[in-house]
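# Notes for the structure review
If you want the building blocks of each chain, they are given just below.
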Amino acid sequence: MLIYLFHFSNPLFFFKRCPSYIEPQNLTSVSEFFLMGLSDDPKLQPLLFGLFLSMYLVTVLGNLLIILAVSSDSHLHIPMYFFLSNLSLADIGFTSTTVPKMIMDIQTQSRVISYVGCLTQMSFFMLFGCLDSLLLAVMAYDRFVAICHPLHYLIIMNPRLCGLLVLASFLISLLVSQMHNSIVLQLTYFKDVEISHFFCDPSQLLNLACSDTFINNIVMYFVGAISGFLPISGIFFSYYKIVSSILRVPSTGGRYKAFSTCGSHLSVVCLFYGTGLGVYLSSAVSLSPRKDAVASVVYTVVTPMLNPFIYSLRNRDIKRAMWRLFKPQNLTDVLEFFLLGFSEDPELQPIIFSLFLSMYLVTMLGNLLILLAVSSDSCLHTPMYFFLSILSLADIRFISTTVPKVILDIETHNRVISHVGCLIQLLFLNLFGCLDSVLLTVMAYDRFVAICYPLHYPVIMNPRLCSLLILISFLISLLDSQLHCLMMSQLTFCINVEIPHFFCEIPVKFPQLLKLSCNDTSTTKIFMCFLGAIFGGIPVSGILFSYTRIVSSILRVPSTGGKYKAFSTCGSHLSVVSLFYGTGLGVYLSSTISHSPRKDAVASVMYAVIVPMLNPFIYSLRNKDIKSALQRLLN
C-alpha cells in the first residue's frame, strides 16, 4: 500500500494524457494483457523458475509451520500469536497471488493474462497487501497494551476483541481492494497492452490508461492515504507509547525484557515498510519499469518468505513450539498399535490371504508391464505415456505400502504395528495417494493441450515441462504427507490402541488415529480439513476445468467422426479419474451410512487395492497404442 501511495503522490501523475499519435483501444477489444516479466533472456528463464519456485515453497512451508505451531501449542493460544498466525495466512495469500502465475508463465512461455484475470489478481494483491499492513498495526496495538497496561492485558485483549480486530482488518482490506477494482473498471481506453511487470500492478494499469483519470487518481490517493498512513500512524503511536513506558522502567534488565517482546514485530515492520520505501526510491532513481519489477520482488516475495524466519529465530516461544512440533511426544505413552483387519474368523484368513496376495501380484505385474511397454516402445515416448508410466510407478508404491503388511500379518498371526511404523505408513500413503491425484490432474492438462492446442502441443508439452510437472507433483505430495505426519505425531494415545482397519488410515472422513487420541483434536481436524480442501480440491478443480475446455472444444468440431476421435483420446484417462474419485466418494458415503469401522475397512479396499489393480487393464484394453506395444513386448 505504501508503494502505491508514493506513486500517486507524483503531481504529474494526475494530469497525464495519451499522446495524440496513439490510437486508443476500446476496452471491448482489449481482452488480455501481456506481462513483460523480469527478463526476456532465454538463458535466465530456468534460473528464474528455480529461484521463484524454491522461494515460494519455502514461504508456504514456513508460514504453514508457524500456523501449525501456534494452533498445536496451548502456550501460544494468546492474542499476539493469534495475530501472528493470521499474518502468516495473509502472507501465503499475498505471495500466492503473483508467484504461481509467474512460474507458470515461464514454463508455458506464454505471458498473456486475461483482462478478468488481471483484475482478479490485482484485487487479491491489494486485499492481502492491505491486510498485512493492518495486521501489523493491530499487532503493534497488542504490544502497546501488553507493555503499557500489563495488569489489564487479558481483560482488554479478550478473544472477542481479537476476533473483531482481525475481522475489521479483513473488511477494510476487502473494501480497499474493491475500490481499486471499481476505479480500474472505469478505465475505457488503454494506449498499450504490455505491462512492464511480472504481475498486474495497479499503478502500471493506470499508466496504460488513456482516458481522463484525474478523478480516479484523487480517489486512489485518498484510499492510499487512509489504508496506508493510518496503519503507519497507529504503529508509530503504539511504539511511541511503548518507548516512553519502557524508559520509565528503573532497571536495565527490566527495559531489555520489556523491549525484547517487541523485537520480532519491529523487525517485520521495518522489513515490510523498509522494502516498500526502498522499492519506491529505486524506482524514482532508475526510471526503468523493468528495474522496478526486479526491485518489487523484495516486498512481494522476499518479505513473506523472511517473516517466519524472523519469528522463529528471534522468538523463544515459537522455537520451543517448533521443537515440540518436530519431536513426537507420545512415544513414551504408546509404542505400538493393533490392526484389527477385516475379520477375526480363523476360517476366513486363508481366503483373505489368497485374495490379497493375488490382487497384489496382478497389480504389480500389470503396472510393471505398462512401465516396460512405455519404456521399450519409441512410439510411446510422448508426454501422455510418460505421465502414465509415472502413474503406474505411483500405484505400485501406493499398494506396496499396505498390502504386504496385511499379508504378513495374516501369515504370522501378528497384527501389531509400531508407532513409528504407523507414522511411516501414513506418510507414504498420503504421499502416493496425493501423487496419484495430482498426476491425474497433470494428465488432464496434457489432454487439454492436445485437443485444444494440437498445433502447439509438442512446443508446450516439451520434455522439460513434463519433467518439471512431475517434480512439482512430487513436491506438493511430499508437503501434504509431511504436514499430515506432523499433525499425527503430536497426538497422545493413552487408552485404546486398537485400529479397526487393515492399515493406519488415510483421512477419508476422519482417520482412526484421530478417534483413538485422548487429547483435544478439534484444531487437528480443522487443519486436516483445510489440507484436504487445498490438496484435494485443487486437483479436482484442475480436472474439471480441463474437461470443461475439452468438451467445449470438441463440440465445435463439425463432423461426428472428428468428435469421436478427439474424445476417444480421453476415454482411458476419464475412466481412471471416475474410478479413482468415484471409489473415494463411495467409501466416504458408505462410512457415513454404516457407522461401522470394520465395514469402512472393507469398503476402503476399493481405493487402496482395486483402483491400482484396474488402472493397467483400463489403459491396455481401451488404448490401441498400449495394446500394440504389449503385443510386441510379449512376442
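Predicted model, so just to flag it, every value in this text is computed and none were measured.

Parameters and conventions
- Residues numbered from 1 in each chain as written.
- Predicted model: local features only at pLDDT ≥ 70, side-chain atom pairs only at ≥ 80, totals over all residues.
- Heavy atoms only, no water.
- Helix = DSSP H or I, 4+ residues; strand = E, 2+ residues; numbered from the N terminus.
- Disulfide = S-S within 2.5 Å.
- pLDDT = per-residue confidence, 0-100.
- Contact = heavy atoms within 4.5 Å.
- Buried < 20%, exposed > 50% of the residue type's maximum accessible area, 1.4 Å probe, protein only.
- Pairing = 2+ DSSP bridges.
- Patch = residues over 30% accessible without salt bridge, like charges linked within 9 Å, V, L, I, M, F, W, Y side chains within 5 Å.
- Areas by Shrake-Rupley, 256 points an atom, 1.4 Å probe, with all protein chains shown as cover.
- Salt bridge = Lys/Arg side-chain N within 4 Å of Asp/Glu carboxyl O.
- Axes fitted to C-alpha atoms, helices over the stretch in contact; angles between N-to-C directions.
- Polar contact = N/O pair within 3.5 Å; in protein donor to acceptor, adjacent residues only side chain to side chain.
- Core = buried A, V, L, I, M, F, W, Y, C linked by side-chain atoms within 4.5 Å.

### Structural notes on unusual backbone geometry
- The phi torsion at H413 lies on the positive side, around 55°, for a residue other than glycine.
- Counting through the fold element by element, H413 comes out in the loop between α16 (403-412) and β7 (416-418).

### A look at the state of the cysteines
- According to the stated counting rule, one finds one disulfide in the structure shown.
- Left unpaired, C262 is separated from the closest cysteine sulfur, that of C148, by 8.9 Å.

### Quick look at the confidence of the model for the chain
- Summing up the model confidence of the chain, the mean pLDDT is 79 and the portion of residues at 70 or higher is 82%.
- Under a pLDDT of 50 for its full length, residues 1-17 has, in the predicted model, 48 contacts with residues more than four places off or in other chains.
- Residue range residues 19-29 is modelled with pLDDT below 50. Its contacts to residues more than four positions away, or to other chains, number 15 contacts.

### Brief notes about the pairing of strand β6 (residues 336-339)
- Here β6 shows one buried face, formed by F337 and L339, and one open face, formed by E336 and F338.
- In terms of strand pairing, β6 meets β7 through three bridges, oriented antiparallel. Residue pairing in the sheet places F337 in a bridge with I417 of β7.
- Pairing of β6 with strand β8 (residues 498-499), which is carried by two bridges, proceeds in the parallel orientation. Note that in β8 the partner of L339 across the bridge is I499.

### Examining a nonpolar patch on the surface
- Taken together, L164, L167, F170, L171 and L174 make up a surface patch of nonpolar side chains, about 420 Å² in accessible area.
- Counting through the fold element by element, L167 comes out in helix α7 (residues 159-185).

### Considering the sheet that holds strand β2 (residues 32-35)
- Read across the open sheet, the three strands follow the order β3-β2-β5; overall the sheet is mixed. On the outer flanks of this sheet lie β3 (112-114) and β5 (194-195), each paired with one strand and no other.
- Sitting on the sheet, helix α5 (residues 115-148) touches β2, β3 and β5, and the angle it makes with β3 is about 85°.

### Some details on the side chain of Q121
- With respect to the helices and strands, the residue Q121 is situated in helix α5.
- A polar contact is formed between the side chain of Q121 and the backbone nitrogen of C200, at a distance of 2.8 Å.
- Contacts of Q121, omitting those with residues within four sequence positions, involve T97, T98, K101, I113, F199 and C200.

### Re the nonpolar core
- One finds L38, F52, L136, I235 and I318 to be the most contacted residues of the largest nonpolar core, which totals 93 residues.
- With 18 residues, α5 is the largest single contributor of residues to this core.
- If sequence neighbours within four positions are ignored, I318 has contacts with I66, V70, L76, Y81, L84, Y311 and S312.

### Overview of the environment of S553
- Among the secondary structure elements, S553 is positioned in helix α21 (residues 522-555).
- Taking relative accessible area as the criterion, S553 reaches 12% and is therefore assigned buried.
- On a C-alpha basis, the gap between S553 and Y453 in space is 9.7 Å, while along the polypeptide they are 100 residues apart.
- Ignoring sequence-local partners within four residues, the contact set of S553 consists of I451 and C452.

### Details of the pattern of salt bridges
- Taken as a whole, this structure holds five salt bridges when the rule is applied.
- For D377, the salt bridge is made with R632, and the minimal N-O distance between the two is 2.2 Å. Taken as a pair, D377 in the loop between α14 (349-376) and α15 (383-400) and R632 in helix α26 (residues 624-634) lie far apart in primary sequence, 255 residues in all.
- Classification of D377 by relative accessible area gives buried; the value is 8%.
- Note that K405 is salt-bridged to D409, the shortest N-O span being 3.1 Å. Highlighted residues: K405 and D409, both in helix α16, separated by four residues, approximately one helical turn.

### Describing the side chain of S85
- As for its placement among the helices and strands, S85 is situated in helix α3 (residues 79-96).
- For S85, a relative accessible area of 14% puts it in the buried group.
- Not counting residues up to four positions away in its chain, the partners in contact with S85 are I67 and V70.

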